[in-house]
Amino acid sequence: MRSNPSLHLFRAVTRTLIGTLALVSLAGSPAGAAISGHVREDLSGNPVGGARVHVRADPASPVAITAADGSFTLAISPAGTVNLTAAVPYDHNAAANWQIGGNTAVNGQTNVEILIPRISSGSAVNYTPPNALQGCSACHFTQFLEWSTSSHGLAARDEWVADVHSGTGTPGGGAGYVYLNTHDPGETGFCATCHAALEDVRTPGQLQLNEVSTEAGIDGVTCLTCHQIDSIDGDVNALHHLGQSTYRFPVGDQFPTELQVWGPLDDVDFDQMRPSHAAFQRDSRFCASCHQYNNPSNGAAGQHTYTEWLASRFAVPGPGYRTCQSCHMEERAEAGPICDAFPVERPASQRHEHKFDGATPERLSAAILLRAAATEQPGMVALHAEVENAGAGHSFPTGVSIRNAMLVVSASLHGVPLVRRSGPTVPWWADDEVPGQQPGDFSGLPGKGFAKIMEGRINGQGPVVRPVLFIDAEGVNEDSTISSGAVDSSDFLFELPDSALPGDVVDVEARLIYRRAFRSLAVVKGWTQTPQGGPIEIEVARQSQQLTLTPQGAGGIVAVPAVGRLGLALLAGLLAASALFALRASRRG
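First things first, this report covers the structure right here in the doc. Source: prediction; values computed, not measured.

1. Some details on the sheet that holds strand β4 (residues 71-74)
Working step 1: Pairing in this open sheet of three strands is mixed, and the strands run β4-β1-β7 from one edge to the other. Here the strands that pair on one side only, and so sit at the sheet edges, are β4 and β7 (112-116). If you compare each strand with its neighbour and ignore which way they point, the axes differ by 30° on average.
Working step 2: Relative to β7, strand β1 (residues 35-41) runs parallel, the two being bridged by five bridges. Opposite R40, over in β7, you have L115 as the bridge partner.

Shown next as structure tokens:
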């Protein structure tokens with residue numbers, strides 16, 4: 001981590017002198033008086049209007065907005081010394097922007113001076129970002145450890161992506177589809193644009209994933225990949241810095257470029273770095289930068305997780321509002337610091353995990369609900385099944401198009417499967433491409449599939465293929481994903497055999513299965529687990545029911561008890577006596 005010790009010393013001495021003079025001037029200040037002062041630009045001393053001033057790490061603190069002359073009055077009456085911060089919300093299109101600054105103050109102080117550094121308008125053309133270990137871990141070790149094993153931390157080294165791009169991720173990665181083997185020389189597939197953004201950004205869209213070589217590139221979606229983004233207001237369907245977002249690398253004359261960052265908090269005041277207040281980092285659209293895009297060549301729908309969220313109840317302002325960050329960067333359970341080197345106590349609401357958990361078994365089971373109920377009809381067993389996307393803020397499944405899920409149902413009597421007479425079946429894409437029925441091949445079984453199936457010609461040539469990756473997509477063949485808050489219903493009828501009797505028990509089962517990749521792709525590549533070591537297939541839910549048949553359900557058949565020879569003789573005698581009685585009655589008539 002590079003810094004300027006002389007500059008730090010100058011700032012520290014200046015701040016101490018200002019604070020000391022302020023304390024001396026406060027002799028006799030009235031109790032309960034507000035705190036007032038000015039926010040000025042560091043070095044030039046020019047006033048800064050529109051800055052947010054409040055007590056650091058205190059969400060309950062009132063906020064004062066500075067006037068055009070930089071003045072503010074903060075209506076607080078602290079018992080002791082407090083730390084005040086000032087930040088102007090960052091605007092990519094503004095002529096000038098500032099980083100966050102701060103100073104100490106006491107009750108009744110009227111001459112607080114808060115200096116905020118102006119961001120250099122120059123760009124560090126030769127800037128090479130450091131890796132996360134060198135640049136960030138010393139001060140943010142907890143976040144670093146969480147990130148290092150996450151999908152973000154492994155993005156540039158993701159074995160599945162490497163297998164699909166160049167066939168070099170796993171021992172079997174060269175089998176099946178390999179982008180570089182099927183496309184024109186020089187075409188990249190844009191993998192590195194998101195998976196190694198800090199290296200790709202220098203030659204947008206032109207970097208091959210298997211040629212990533214810088215430390216920051218190999219780090220994948222590293223700390224600075226997010227915290228040096230300075231805008232997200234481009235075309236929401238563009239792919240990251242190819243038109244949706246921008247990066248900014250200020251010249252490091254006063255402070256090293258890698259320590260000039262953007263973040264969601266407006267009160268991070270620490271001499272070892274220079275953060276700017278970027279409120280947009282709390283917005284779901286920030287994540288859309290890499291999780292919402294179309295095929296850059298033809299506009300075919302790719303990943304649309306952001307617009308799925310926009311259509312959900314979670315995007316509606318109010319008590320139920322939740323962003324991508326709310327779910328995938330959860331608040332920590334307790335208060336504490338966010339920086340190990342500068343341990344300011346912050347509330348849990350300002351402390352977020354950096355594991356970026358997604359489709360884990362626990363999350364899926366909590367968000368996606370399965371309900372199934374079997375009833376009997378004459379000669380039939382009816383099954384009604386519902387899959388509800390109750391808790392996800394996007395469709396199920398979502399993300400890259402290889403994600404898929406399926407409902408598989410069955411009914412059996414004495415261990416023998418009942419024949420389906422009506423209802424949907426699991427689609428073709430649930431199977432591998434190995435001839436014959438393999439374990440895990442569910443195609444044709446009673447059930448349903450949930451996936452976004454894109455189709456197109458490989459490299460724009462030859463027959464239309466489905467499913468394809470977004471880079472070959474020319475259209476959507478099927479979108480059976482379940483929107484956030486929606487319920488998918490299915491009805492099935494299974495035929496009972498003639499041998500079914502009242503009292504027989506029919507075993508009915510419904511399973512909801514989620515797969516991280518299409519089975520055909522996983523089998524041909526030899527994938528047995530995800531690059532993060534997780535399962536490829538997750539059973540989200542299972543519902544089982546035993547249905548005892550009644551005479552109605554068994555087709556109206558009435559069971560006759562078994563009888564021996566004596567019983568048959570008695571029954572014959574009874575029938576004969578009844579016949580004789582009927583004959584005599586007819587003659588008398």
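2. A few points about the packing of aromatic side chains
Working step 1: Summed over all chains, the structure comprises 13 aromatic pairs.
Working step 2: Between F144 and W147, the aromatic rings sit 5.9 Å apart at their centres with planes inclined by 35°, giving tilted as the arrangement. Note that F144 and W147 are positioned in helix α3 (residues 141-148) at a spacing of three residues, about one turn of the helix.
Working step 3: Judged by its relative accessible area of 6%, W147 falls in the buried class.
Working step 4: Ring centres of F270 and F342 lie 4.8 Å apart, and the angle between their planes is 10°; this geometry places the pair in the stacked category. One end of the pair, F270, is in the loop between β10 (260-263) and β11 (274-277); the other, F342, is in the loop between α12 (324-328) and α13 (361-367), with 72 residues separating them in the sequence.
Working step 5: Among the aromatic residues, those joined into a ring-pair cluster are Y127, Y247 and F249.
Working step 6: One residue, R274, lies across the ring of F255, its end atom 5.1 Å from the ring centre.

3. A look at the state of the cysteines
Working step 1: If you walk through the whole model with that rule in mind, you get one disulfide.
Working step 2: Shown here is the disulfide that connects C194 with C290, its sulfur atoms set 2.3 Å apart. Torsion about the S-S bond of the C194 and C290 cystine: about -105°, corresponding to left-handed handedness. Placement of C194 in helix α6 (residues 191-195) and of C290 in helix α10 (residues 284-291) is noted, with a sequence separation of 96 residues between them. Across the pair, C290 and C194 agree in class, each one buried.
Working step 3: No disulfide involves C324; its nearest neighbouring cysteine sulfur is the one of C287, lying 4.3 Å away.

4. Let's talk about the pairing of β1
Consecutive residues of a regular strand have side chains that alternate between opposite faces of the sheet.
Working step 1: Taken across its seven residues, β1 has five buried, putting it largely inside the fold.
Working step 2: By the bridge criterion, four bridges tie β1 to β4 in an arrangement that is antiparallel. Paired with H38 across the strands is S71, a residue of β4.

5. Focus: the environment of L370
Working step 1: Following the sequence through the fold, L370 ends up in strand β14 (residues 368-377).
Working step 2: The spacing of L370 and L512 is 142 residues in sequence and 7.1 Å in space, taken between C-alpha atoms.
Working step 3: The contacts of L370, once residues within four sequence positions are left out, are E386, V387, L407, A510, R511, L512, A541, R542 and Q543.

6. Examining unusual backbone geometry
Most peptide bonds take the trans configuration, and most residues that are not glycine carry a negative phi.
Working step 1: Backbone torsion omega between F396 and P397 reads -10°, so that peptide bond is classified as cis.
Working step 2: Relative to the elements of secondary structure, P397 occurs in the loop between β15 (380-389) and β16 (404-413).
Working step 3: Located in the positive-phi region is N459, a residue other than glycine, with phi close to 60°.
Working step 4: Within the element layout of this structure, N459 appears in the loop between β19 (447-457) and β20 (464-465).

About the criteria used
- Residues numbered from 1 in each chain as written.
- Predicted model: local features only at pLDDT ≥ 70, side-chain atom pairs only at ≥ 80, totals over all residues.
- Heavy atoms only, no water.
- Pairing = 2+ DSSP bridges.
- Helix = DSSP H or I, 4+ residues; strand = E, 2+ residues; numbered from the N terminus.
- Axes fitted to C-alpha atoms, helices over the stretch in contact; angles between N-to-C directions.
- Phe/Tyr/Trp six-rings, centres within 6.5 Å; stacked < 30°, edge-to-face > 60°.
- Buried < 20%, exposed > 50% of the residue type's maximum accessible area, 1.4 Å probe, protein only.
- Lys NZ or Arg CZ within 6 Å of the ring centre and 35° of its normal.
- Disulfide = S-S within 2.5 Å.
- Contact = heavy atoms within 4.5 Å.

Everything listed is a geometric property; what it means functionally is a separate question.
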